[in-house]
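Observations on the model geometry
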Amino acid sequence: MTAQSIQRDSGRSALDTIRHGLSLTPEFRKGLAGTLALAVVATVGKIIVPIAVQQTIDTGLKDGVPDLSYITSAVLVCAAAVVLTAIAGYVMNVRLYKATESSLATLRVRGFRHVHDLSVLTQNTERRGALVSRVTNDIDQISTFMQWGGLMVIVAFGQLFVATVLMFVYSWQLTLLVWACFIPLMIALPRFQRLLSRAYTVVRERTGDMLAAISESVVGAAVIRAYASERRTAERIGTAVNANRSAQVRAQTIVGFVFPLTEIVAAVAIAGIVLLGVRLGLSGEITQGELVAFLFLVTLFVSPLQTATEVLNEAQNAVAGWRRILGVLDTPPDVADPGEKGVELPRGPISVAFEDVHFSYPGGPPVLREVTLVIPPRSRVAVVGETGSGKTTFAKLLTRLMDPGSGRVTIDGHDLRHVRFSSLRERIVMVPQDGFLFDGTLEENVRYGKPSAAREEIELALTELGLADWLEGLPAGLDTPVGQRGESLSAGERQLVALARAYLADPDLLLLDEATSAVDPATEVRLARALEGVTRGRTAISIAHRLSTAENADEVLVFDAGRLVQRGPHADLVNEQGVYADLHASWISAAHS
Amino acid sequence: MASKVTSAVMRQGLRVLGVAIRTEKAVFALAVLASAVYGGMTVASSWALGWATQHVLLPSFAQGRVASGALWTGVFLIIGTALLKAFGVAGRRILAGVMQYRMQARSRRDVTRQYLRLPLSWHHRHPTGQLLSNASADAEAAWAPLAPLPMAVGVVVMLVTAAIAMIFTDLVLAVVGFLIFPAIAVLNLVYQRRLSPLATRAQQLRAEVSEIAHESFDGALVVKTLGREDLETERFLRRAHELRDANIAVGRVRGLFDPMLEALPTIGVLAVLAVGALRLSGGSIVVGDLIQVAYLFTLLAFPIRALGWVLAELPRSVVGWERVQAVLEATGSMEYGSVDHGAATASSAPAALEVRGVSYRYGEAEVLHDVTFDVPAGRTVALVGPTGSGKSTLVQLLVRLVDPDAGQVLLDGVDLRELAYGGVAQSVALVPQQTFLFDDTVRGNIALGQESADEDVWDALRLAQADGFVARLSDGLGARVGERGATLSGGQRQRLALARAIVRRPRVLVLDDATSSVDPQVEARILYGLRDAAETSTVVVVAYRLATIALADEVVYLDHGRVVDRGTHEELLARCQGYRNLVTAYEREEAERAAIDVLAEDEEVLAGEEEGVSA
């Protein structure tokens, strides 16, 4: 089978990425035109000051005698315009935040759901942390850009545009001069941005290294002390911390040099305006008010260009964020739910059949070959074999965590691929070896198997599994917090909770993948006996690591190097020559040596 | 909450800034100098413009000719002030960064050094996540206000200079400035105060959203096998929507204050024009003065916000600093004696271990009570007991990860507490239950800084049954194992941890259920190998499996923190019921099952008969 990996990015061009991204976020597009119109109004506020200055000097102060009534009315009109643009700014901001946050929340939840819909195999092609980033940091990057950088781009373009228009009205010669000063800077900016982007990449890498080094001093506390390697660890951390600091200072230095460049260019432009302006004034091509207004208009070029490197950087990050989240959404689930069209199975004991099933992991050798078998309803089956013989793959195919490369798996005669997930997951439950628990109480974790279960039902389930004594020994009983990933409990206790959770789900087929391997022998025996009672009448399959599980099964399936090599009751197999007899011998010797 | 304790927080925050200033005196002084240049030159640049207007622009329009001397002076002033200002900006930004990142790095080194110094019992009392964030997020937050600090100081210089400049230009125009600038500063303060709790909440929710995603993806197998995707999506959606609402709340405040902060200086300029016109008509000022003040307003509007940034960061900084400080001030460390055990005996002969009347408690609960036993040199002792009987705690005492509350642990008759630092590690090697690997090479993980020849490392790997898979790694001993050994299986990691202990040829080897993830067949090979090689070691092993126990010369059976019995396996089987119950559970089960099966068959027969009756 060819399980695909999650696409690192969607492989789309920047423009296509944004277009596709926007098509997934209708909340953002709705009302966008209105928001942009308001942004334009808000931007116009920036040229009020230069206009007011020009009007005051040219009309209000004509002939050296201030025309007070004209100046007063001009100032009042301008003030009203300022208030208006501020209100436009407020409404625009609120609309922008609402639209971006709503659309990104939708995208976030969609991405989250899609990750869960991907097969285990696809999920495992990426580290957990990276997967989490797709629905957290990557989305946050887009949101920062939309609310700050994207807005800055609009404001900057608007600001440069209205400033240029006004400048042109006053004097085309000076306008050309100002642009001539700023264009080299604009050409150089993308270069600076690349420099900065590289510097930030180094910072991110160094920060990752540093956090990893720091975590060793905490997570490895016992080993570090037992081997007296405090000094070595301190040195490793010191190196990582200092490397991170140097990278940060370097990035800051680049910003520190680029940022003031704009100030210098602006000063050159102003000096140029003064030099050229007075000459234009002599020939009557510009009034003194217009010339002074130019000095103010140049300042409108400064802030857009000062922030441009950072905005460009964020734009790049945002597009990368879009690409990564689209990369998830563009990865189709290869083990897909047939949904409404699928078969809904009636409740009752389950039969399973494998028909010439083959499987290999992507790029790997075959791990299951020509597996054909039938497990009748109500039977108790043990699956045995050495590590790597294909036992766990068999379990994953049976629960449709993966699909076979060829051949088919059926339950009650239906191809698993045609069974609706809701029906499948209700009737077949697997308990994996690693009993993963969620941060919460023990009760909450058991209830995960059946969300509607009352507390009494949960207590009853634990009692039926013979775990009442263990529960009583816990400090807060059912209310005991299990900690992150259940780490407040021992590995064995986590397995007990995972088992109770699966049992509460009340499946018709229970599949245990070495589900009690970390439990102490006395408890394990008690549990095995209880399970036997409660699974009576259901189909039960155990991947076994102990002799007694195999001995007590109706039938033993023996796997070796991906093939089903033997099957039958323990009593028959143990007397046959073959893999099972060898395994049996090694178990016996391990137990009695 | 944030607003109630503000003055206390401010005082504390300023004290934190004081610490940084004292630590990085030179950098801070230079940064402030650069920032003062920036502040002074900002005002000077507006003055230069006013001068150019008054002495170059207006005369040339009035007189119809350009005074070349004044013109070039104007150009020189404009470019000169801009160059100095740019120099100030660059210096301020770079030096502020240097100061901030140095302080962060210093805190991080200090905190982690403290982690390494504090005893393991301290680590047990603090959750991992908290300790990690103390060293990363809190160390960062503590020094975050240092980034805008020099700029804020520069702004103060700027304001004072501007005030003086305005007073000298015209008192009435200065009054407009004295109304507008404090208004901007106060508005910004109100802004930051309103924003700060909302931003903190959004930050908190962002962390929670991330936590849910992390946990949910980590538990993907459980989610899938139980078909709980809808439930998980619902859980994530609720928090994601809370985050959305929190972000929108932040946006509302930003949306309200940002346009106001933009509008206020513009209103100021308009006021200057109106008032200035009056003053002009009275002849109190010239046009150049008016332009200078108006320009000053335009230039000052933005930097004045820096004061608010510093104040806004202070509460977060105080919290971060206090958390870092709590770690740095934590007391209690392991005291070491002066006995150099390795050198004193100068041998690699097996050592004797003695546990004498040892008790240990975690908080209220006593987990070990008056435990006494000894392990003669060269012997193998198995510690056996049910889950929670205190085995792992006892193991930690044996290698002095923790010290007993009462009693002693003696190595060749010397109390472990009397040994010099590193003395225990030199003689005793522990393989813990939870394997821990460093993000390092296989060689680095096994040698852990000790000089080991490659042959010795391979020998150790061979004994730990790890030579096969290490040889298959692309770089062999040089292969990196990734963060916490993520690239290896549980069994492989356990075998590397075992090799790490073996390569030291320890005089005492302590195994705490160290082969639980290894196949029984492989485990058997490891144990036989160890028994042959262990002639040079004393071995203490925690185990459930009979195969492991069978290797021991003696068994110590623990229950509820007490030694219930000790003796050979056979002796304990014969006389200790608890022990018998535990280690023979599987065999007894087989025997009992035979009886149960008979009963069950009877029941089925009965059930069949009943069905027959009802049918």
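Residues numbered from 1 in each chain as written. Chains lettered and ligands numbered in written order. Predicted model: local features only at pLDDT ≥ 70, side-chain atom pairs only at ≥ 80, totals over all residues. Heavy atoms only, no water.

As a reminder, the rule being used: UniProt positions are given in the numbering used here, feature names are shortened, and annotations may be inferred rather than shown by experiment.
In the nomenclature of an unreviewed UniProt entry, chain A corresponds to ABC transporter ATP-binding protein from the organism Nonomuraea turkmeniaca. Listed in UniProt under the heading Subcellular location (unreviewed entry), the comment for chain A reads: "Cell membrane".

Comments concerning the domain arrangement of chain B
To be explicit about the condition: Domain ranges listed in this record stem from an automatic or a database domain assignment.
The domains assigned to chain B are domain 1 (6-328), domain 2 (342-583) and domain 3 (591-615). The straight-line distance from the C-alpha centre of domain 1 of chain B to that of domain 3 of chain B is 82 Å.

Remarks on the interface of chain B and chain A
Here is the rule we go by: Note on contacts: a residue pair qualifies if any of its non-hydrogen atoms lie within 4.5 Å across the two residues. Buried area: the accessible area, evaluated with a 1.4 Å probe, that two parts lose upon being put together, summed over both parts. Counted as salt bridges are all cases of a side-chain nitrogen of Lys or Arg within 4 Å of a carboxyl oxygen of Asp or Glu. Pairing of N or O atoms within 3.5 Å defines a polar contact, subject to two protein rules: one partner must be a possible hydrogen donor and the other a possible acceptor, and residues neighboring in sequence count only if both atoms are side-chain atoms. Segments assigned H or I by DSSP are reported as helices when at least four residues long, segments assigned E as strands when at least two residues long, and all are numbered from the N terminus. As a working rule, the residues Ala, Val, Leu, Ile, Met, Phe, Trp, Tyr, Cys and Pro are called nonpolar, Asp, Glu, Lys and Arg charged, and the rest polar, with Gly in that last group.
The interface of chain B with chain A comprises 139 residues on the first partner and 140 residues on the second. Carbon and sulfur atoms supply 71% of the area that chain B and chain A bury against each other, a total of about 13,000 Å² over both sides. Between chain B and chain A we count 6 salt bridges in total. Among the ionic pairs, Arg113(A) bridges to Asp230(B), the shortest N-O distance being 2.5 Å. For the pair chain B and chain A, the number of links is 26 residue pairs in polar contact (both at pLDDT 80 or more). The element that contributes the greatest number of residues to the side of chain B that touches chain A is helix 9 (residues 229-281) of chain B, accounting for 32 residues. Looking at the side of chain B that touches chain A residue by residue, the classes come out as 79 nonpolar, 28 polar and 32 charged.

A short note on the pattern of salt bridges
Definition in use: Residue exposure (1.4 Å probe, protein chains only): buried if accessible area is under 20% of the type maximum, exposed if over 50%, otherwise partly exposed.
Using the criterion set out here, one finds 51 salt bridges over all chains in the structure. Note that Arg324(A) is salt-bridged to Asp138(A), the shortest N-O span being 2.8 Å. Remark: Asp138(A) occurs in helix 8 (residues 137-170) and Arg324(A) occurs in helix 12 (residues 288-329); sequence separation between them is 186 residues. Given the relative accessible area of 25%, Arg324(A) is considered partly exposed. A salt bridge links Arg235(B) to Glu215(B), with the nearest nitrogen and oxygen atoms 3.2 Å apart. With Arg235(B) in helix 9 and Glu215(B) in helix 7 (residues 171-218), this pair connects stretches of sequence that are 20 residues apart.

Quick notes on the sheet that holds strand 6 (residues 428-431) of chain B
All names here are of chain B. The criterion, for reference: Any two strands with at least two DSSP-identified bridges between them are counted as paired. A fitted line through C-alpha atoms represents every axis, and for helices the fit uses only the stretch in contact; the resulting angles, taken between N-to-C directions, go from 0 to 180 degrees.
Here we have 6 strands laid out as an open sheet, ordered 6-7-8-3-9-10, and mixed in their pairing. Every other strand in the sheet has two partners, leaving strand 6 and strand 10 (562-567) as the edge strands with one partner each. Here the strands of the sheet are splayed against their neighbours by 15° on average, with no regard to which way each runs. The sheet contact formed by strand 3 (residues 380-384) and strand 8 (residues 538-542) spans 4 bridges and is parallel. When the bridges of strand 8 are listed, threonine 380 appears paired with valine 539.

Notes on the confidence of the model for chain B
Interpretation of the predicted coordinates at a detailed level should be avoided for regions scoring low in pLDDT. Residues and elements named next belong to chain B. Quick reminder of the rule: Confidence scores per residue from the predictor, reported as pLDDT, run from 0 to 100.
This prediction gives chain B a mean pLDDT of 84; 91% of its residues lie at or above 70. Scored below 50 in pLDDT, residues 1-5 makes 0 contacts in the model with residues more than four places away or belonging to other chains. Contacts for the low-pLDDT stretch residues 608-615, under 50 throughout, to residues beyond four places or in other chains number 0 contacts.

A word on the packing of aromatic side chains
All names here are of chain B. So the rule is basically this: Classification of ring pairs rests on two measures: the distance between centres of Phe, Tyr or Trp rings, Trp counted by its six-membered ring, which must be within 6.5 Å, and the angle between planes, read as stacked under 30 degrees, edge-to-face over 60 and tilted in between.
This structure, assessed with the given rule, holds 16 aromatic pairs over all chains. Ring centres 6.1 Å apart and planes at 35° place the aromatic pair tyrosine 115 and tryptophan 122 in the tilted group. For the pair tyrosine 115 and tryptophan 122, one class covers both residues: buried. A ring pair is formed by phenylalanine 436 and phenylalanine 438, whose centres lie 5.0 Å apart and whose planes are at 85°; its orientation type is edge-to-face. The two residues phenylalanine 436 and phenylalanine 438 agree in class, both being buried.

So, the UniProt feature "domain: ABC transporter" (unreviewed entry) in chain A
Using the residue numbers shown here, the UniProt feature "domain: ABC transporter" (unreviewed entry) corresponds to residues 352-586 of chain A. Within residues 352-586 of chain A, the helical portion is 35% and the strand portion 25%, while the C-alpha atoms at the span's ends are 30 Å from each other.

Side note on the pairing of strand 6 of chain B
Residue and element names in this part refer to chain B. Neither face of strand 6 is open: one carries Val428 and Leu430, the other Ala429 and Val431, and all of them are buried. As defined by bridge partners, strand 6 adjoins strand 7 (residues 508-512) across 4 bridges and the pair is classed as parallel. Looking at strand 7, one finds that leucine 430 is bridged to valine 510.

Thoughts on the pairing of strand 7 of chain B
Residue and element names in this part refer to chain B. Across the 5 residues of strand 7, 5 count as buried, placing the element largely inside the fold. Burial along strand 7 is two-sided: Val508, Val510 and Asp512 and Leu509 and Leu511, pointing in opposite directions, are all buried. Where strand 7 lies against strand 8, 5 bridges are found, and the strand directions are parallel. Bridged to leucine 511 within strand 8 is valine 541.

A word on the packing of helix 11 (residues 230-282) of chain A against helix 3 (residues 68-117) of chain B
As a reminder of what qualifies: Convention used here: angles under 35 degrees read as roughly parallel, angles over 145 as roughly antiparallel, angles from 65 to 115 as roughly perpendicular, and any remaining angle as oblique. Handedness of a helix crossing follows the sense of rotation of the near helix relative to the far helix, less than a right angle counterclockwise being left-handed and clockwise being right-handed.
In contact at an axis separation of 8 Å, helix 11 of chain A and helix 3 of chain B are set at 165° when each is read in the N-to-C sense. For the element pair helix 11 of chain A / helix 3 of chain B, the angle class is roughly antiparallel. Read as a crossing pair, helix 11 of chain A and helix 3 of chain B show a hand that is right-handed.

Some points on the side chain of Gln248(A)
Position of Gln248(A) relative to the elements: it lies in helix 11. Look past the residues within four positions of Gln248(A) in its chain and what remains in contact with it is Val203(A), Tyr101(B) and Gln104(B).

Considerations on the side chain of Thr441(B)
All names here are of chain B. Tracing the chain through its elements places threonine 441 in the loop between strand 6 and helix 15 (442-447). There is a polar contact of 2.9 Å between the side chain of threonine 441 and the backbone nitrogen of glycine 444. Once you skip the residues sitting within four places of it in the chain, threonine 441 turns out to touch Leu477, Gly478, Ala479 and Arg480.

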